[in-house]
Amino acid sequence: MFDQPSLAGRCEDLAPGAWVLRCFALDAAEKLLREIERIAARSPFRHLATPGGKRMSVAMTNCGAVGWFSDPRGYRYTSIDPETGKPWPAMPESFMKLAGEAAAAAGFDAYAPDVCLINRYEIGARLTLHQDQDERDRHSPIVSVSLGLPAAFLFGGLARTDPQRRVPLVHGDVVVWGGPSRMRYHGVLPVKDGEHPLTGALRYNLTFRVAR
Ligand code: SIN
Ligand code: FE2
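Residues numbered from 1 in each chain as written. Chains lettered and ligands numbered in written order. Predicted model: local features only at pLDDT ≥ 70, side-chain atom pairs only at ≥ 80, totals over all residues. Heavy atoms only, no water.

A. Structural context of the overall build of the protein chain. Within the protein chain one finds two helices and 13 strands. In summary, the protein chain has a C-alpha radius of gyration of 16 Å against a globular reference of 17 Å for 212 residues, a match within 12%. Dimensions along the principal axes, computed over C-alpha positions, put the protein chain at roughly 45 × 35 × 35 Å. Considering the protein chain as a whole, with its 212 residues, one finds that 56% of them fall into the buried category. (Helix = DSSP H or I, 4+ residues; strand = E, 2+ residues; numbered from the N terminus. Rg over C-alpha atoms; globule rule 2.2 N^0.38 Å. Buried < 20%, exposed > 50% of the residue type's maximum accessible area, 1.4 Å probe, protein only.)

B. View of the sheet that holds strand β3 (residues 59–64). Judged by pairing direction, the sheet is antiparallel, and its seven strands sit side by side in the order β1-β2-β11-β8-β13-β6-β3 without closing on themselves. Because the sheet does not close on itself, it has two edges, and the strands there are β1 (11–15) and β3. In this sheet, adjacent strand axes meet at a mean angle of 20° when their direction is disregarded. Note that β1 and strand β2 (residues 18–21) share four bridges and pair antiparallel. When the sheet's bridge partners are listed, Ala15 is paired in β2 with Ala18. Helix α1 (residues 29–42) rests against β3, β6 (115–122), β8 (142–148) and β13 (202–209) of the sheet, and its axis sits at about 95° to β8. Together, β2, β3, β6, β8, β11 (174–177) and β13 form the strand contacts of helix α2 (residues 93–105), whose direction differs from that of β8 by roughly 120°. (Pairing = 2+ DSSP bridges. Axes fitted to C-alpha atoms, helices over the stretch in contact; angles between N-to-C directions. Contact = heavy atoms within 4.5 Å.)

C. Summary view of the layout of surface pockets. Of the voids in this model, the largest pocket is the one considered here, and its volume is about 680 Å³. Lining the largest pocket are 35 residues; nearest its centre among them are Met56, Tyr75, Leu127, Thr128 and His130. Elements represented by at least two residues in the lining of the largest pocket include exactly β6, β7 (127–130), β12 (186–188) and β13. Looking at side-chain class alone, the lining of the largest pocket contains 14 nonpolar, 12 polar and nine charged residues. Considered as a void within the structure, the second largest pocket measures approximately 170 Å³ in volume. Taken together, Pro150, Ala151, Ala152, Arg166, Pro168, Leu169, Val170, Leu189, Pro190, Val191 and Lys192 form the lining of the second largest pocket. Listed by contribution, the elements that provide at least two residues to the lining of the second largest pocket are β9 (151–155) and β10 (165–169). Looking at the lining of the second largest pocket element by element, the count peaks at three residues for β10. The class makeup of the residues in the lining of the second largest pocket is nine nonpolar, no polar and two charged. (1 Å grid on protein atoms, 1.4 Å probe; cavity = no way out; pocket = protein on both sides within 12 Å on 5 of 7 lines; lining within 4 Å. Points joined across faces, edges and corners; volume = space filled by probe spheres on them. Nonpolar A, V, L, I, M, F, W, Y, C, P; charged D, E, K, R; others polar.)

D. Inspection of the environment of Trp177 at higher detail. You can see Trp177 is positioned in strand β11. The spatial distance from the C-alpha of Trp177 to the C-alpha of Leu206 is 14 Å, given a sequence separation of 29 residues. The contacts of Trp177, once residues within four sequence positions are left out, are Gly17, Ala18, Asp132, Pro141, Ile142, Ser144, Phe153, Phe155, Arg182, Arg184 and His186.

E. Just the coordination of the iron ion (ligand 2), in detail. Surrounding the iron ion (ligand 2) are the protein donor atoms His130 (NE2), Asp132 (OD) and His186 (NE2), at 2.1 to 2.2 Å. Given four donor atoms and angles of 87 to 175° at the metal, the environment of the iron ion (ligand 2) is assigned as irregular. Written as a sequence motif, the donor residues of the iron ion (ligand 2) are H-x1-D-x53-H. (Donors = N, O, S within 2.8 Å, 3.2 Å for Na, K, Ca; no water. Tetrahedral: all angles 85-135°; square planar, octahedral: opposite > 155°, others 65-115°.)

F. Up close: the confidence of the model for the protein chain. On average, residues of the protein chain score 95 in pLDDT, and 96% of them are at 70 or above. Every residue in residues 1–9 is under pLDDT 50, and counting partners more than four places away or in other chains gives 17 contacts. (pLDDT = per-residue confidence, 0-100.)

G. How the structure looks around α1. Here α1 is 14 residues long and its end C-alpha atoms lie 20 Å apart, about the 20 Å a rise of 1.5 Å per residue gives. Those residues of α1 that sit buried are Ala29, Leu32, Leu33, Glu35, Ile36, Ile39 and Ala40. What you see down the axis of α1 is that its buried residues fit within an arc of 160°, all on one side. More than 90 degrees from the buried face of α1, the exposed residues found are Glu37, Arg38, Ala41 and Arg42. Contact partners of the buried residues in α1: β3, α2, β6, β8 and β13. (Expected span 1.5 Å × (residues − 1). Arc of directions from axis to C-beta.)

In structure tokens form, the structure reads like this:
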């Protein structure tokens, strides 16, 4: 299952079950960005509060059957967007296709994510080291698509204190981590000042998960 994926040369081996697929989303990127706009028109980006009461520097929205949400009551998945009172926008076909192809290229067949968390990073926004642990499924991969400004991704181990690799990610790169690496700690360093032809001073990240 964790054999070398088919896209040799464009793949970087991060850990067992974890890969960086360079440029994998490049062809789809403009379409993905248009879909993000469409989703955000219905479920706008918002800065969520952590259970500790801090405002997250990354703005978030979701599409799919459920969406990830955080407030002082805790982290959880909801089928209704608590801010609009309506279901989260459906997952676009182009999202499903890309996520399935990336998962397959990393050795995970029949990937069926039910949520895509969409992160929007302004200059200086960051994501502190964390595990994706609010999902019932702890084997299916996380598929993470970078769009717009570059960022430094931190990829650690199964314990918070394990050493981390610093992985530079640019527009179109996709990271997949599942199986034995599914619960690895990861994060994003503050996004540096810059300008991207398609997104301006923003970085977007799509994170596909199997939540339920
Ligand atoms: C995440 O961990 O949810 C996002 C990672 C990223 O923005 O690259
Ligand atoms: Fe994460």
